[in-house]
Amino acid sequence: MTTHQPDETGTEAGSNDGSTDMSRRRLLQATATTAVGGAGIAGATGTASATGFTGCDDWLEAPAEYPEIDLTSSNPTAENIDDIEGELLIYVHGWLGLETNTDQAYTLETALEDNEYDEPVVAAAWEADTLNYWRAEDTTETAGRRLAAWLRSDRVDLEETTVRLVGHSLGGRVCLEALAALGDEATVEHVALVGTAADDDSVCTDGEYAYGIATGAESVYNYHSENDDKVCYGYDIQSLASGLGCGGADCDGGWVTDDSGSVPDNYTDVDVTDTVDDHCDYVKPDVGCVSRIVDDFEAA
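Let us look at the structure shown here.

Cut-offs and rules
- Residues numbered from 1 in each chain as written.
- Predicted model: local features only at pLDDT ≥ 70, side-chain atom pairs only at ≥ 80, totals over all residues.
- Heavy atoms only, no water.
- Helix = DSSP H or I, 4+ residues; strand = E, 2+ residues; numbered from the N terminus.
- Buried < 20%, exposed > 50% of the residue type's maximum accessible area, 1.4 Å probe, protein only.
- Salt bridge = Lys/Arg side-chain N within 4 Å of Asp/Glu carboxyl O.
- Pairing = 2+ DSSP bridges.

Points about unusual backbone geometry
- The backbone phi angle of E65 is positive, close to 60 degrees, even though this residue is not glycine.
- For E65, the position within the fold is in the loop between α1 (20-32) and β1 (68-70).
- Positive phi, close to 65 degrees, is recorded for N80, a residue that is not glycine.
- In this structure, N80 sits in the loop between β2 (77-79) and β3 (87-92).
- Looking at N80, the relative accessible area reads 39%, which means it is partly exposed.

Have a look at this one:
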């Protein structure tokens, strides 16, 4: 796959309106950009888990010519994907995950097969390999729109094909952006958000992703862990907001409002703190929560 330069998005959703939240965030961005590459939610190193197969540097090696959707260009294309029939699962990597995106997808595929889920898995590659976290965060909107465009293309008939999305970290935000772009034009069957780097009220009624969740998917499950330091602490520092991948949705309001409404009826939080000890363990065999994800596929 050809690597492209990151998109120059550079715009923020919504207007500032002088809010304390946004002014403090901009101040943090202005002072912390040079330091963020070595900390936060990228997960450059693993934890001290005794399993040995943990952390963000440790993935199974994908076979050559692994199926992949390229979202790094304005015209999304797919490689090594045969005619799509029946069911398809698309895995979307997170920040600094572009170079290992097929390895991550293959690791998930192996964990899924261990749990008797044998449908095709495809990696979705988007331009996330910039040390500027906020640039990567801004690029999720473009990547999500491109994923939605590919899903609406002639390659996939969403009325005839069961499409599932699994998004890790900022990849979860890409999935949410894709649902927002799909709106009520088409729906995917199921979305699994794992360790998602998005504000915990963004999925609430007054949040930016609520409409897309309600109209763009049959069901959305958010798998979160209080052991996920990259989201529980790193996201807080970088975004001045609690992360969806740490404690799930919080619709009780924040600094600006007292109430953010409620989550859509098709949205479910799943606490996997007991089984997930690291930001990149959600989709790994044995140490992750893939068995629960497969159970929810069947239950949804």
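Past the structure itself, the notes keep going.
Describing the pattern of salt bridges
- Under the defined criterion, the tally for this structure stands at five salt bridges.
- Between R164 and E87 there is a salt bridge whose closest N-O contact spans 2.8 Å. In this pair, R164 is assigned in strand β5 (residues 162-168) and E87 in strand β3, connecting sequence segments 77 residues apart. Here R164 and E87 have matching classes, each one buried.

Section: the pairing of β3
- Taking burial as the measure, the six residues of β3 include six buried ones, the bulk of the element.
- Of the two faces of β3, both are covered, the one formed by E87, L89 and Y91 as well as the one formed by L88, I90 and V92.
- One ladder, built from six bridges, connects β3 with β5; its direction is parallel. Each residue of the ladder has a partner; that of I90, found in β5, is L165.
- Pairing of β3 with strand β4 (residues 121-125) involves four bridges; the strand directions are parallel. Bridge pairing links V92 to A124 in β4.

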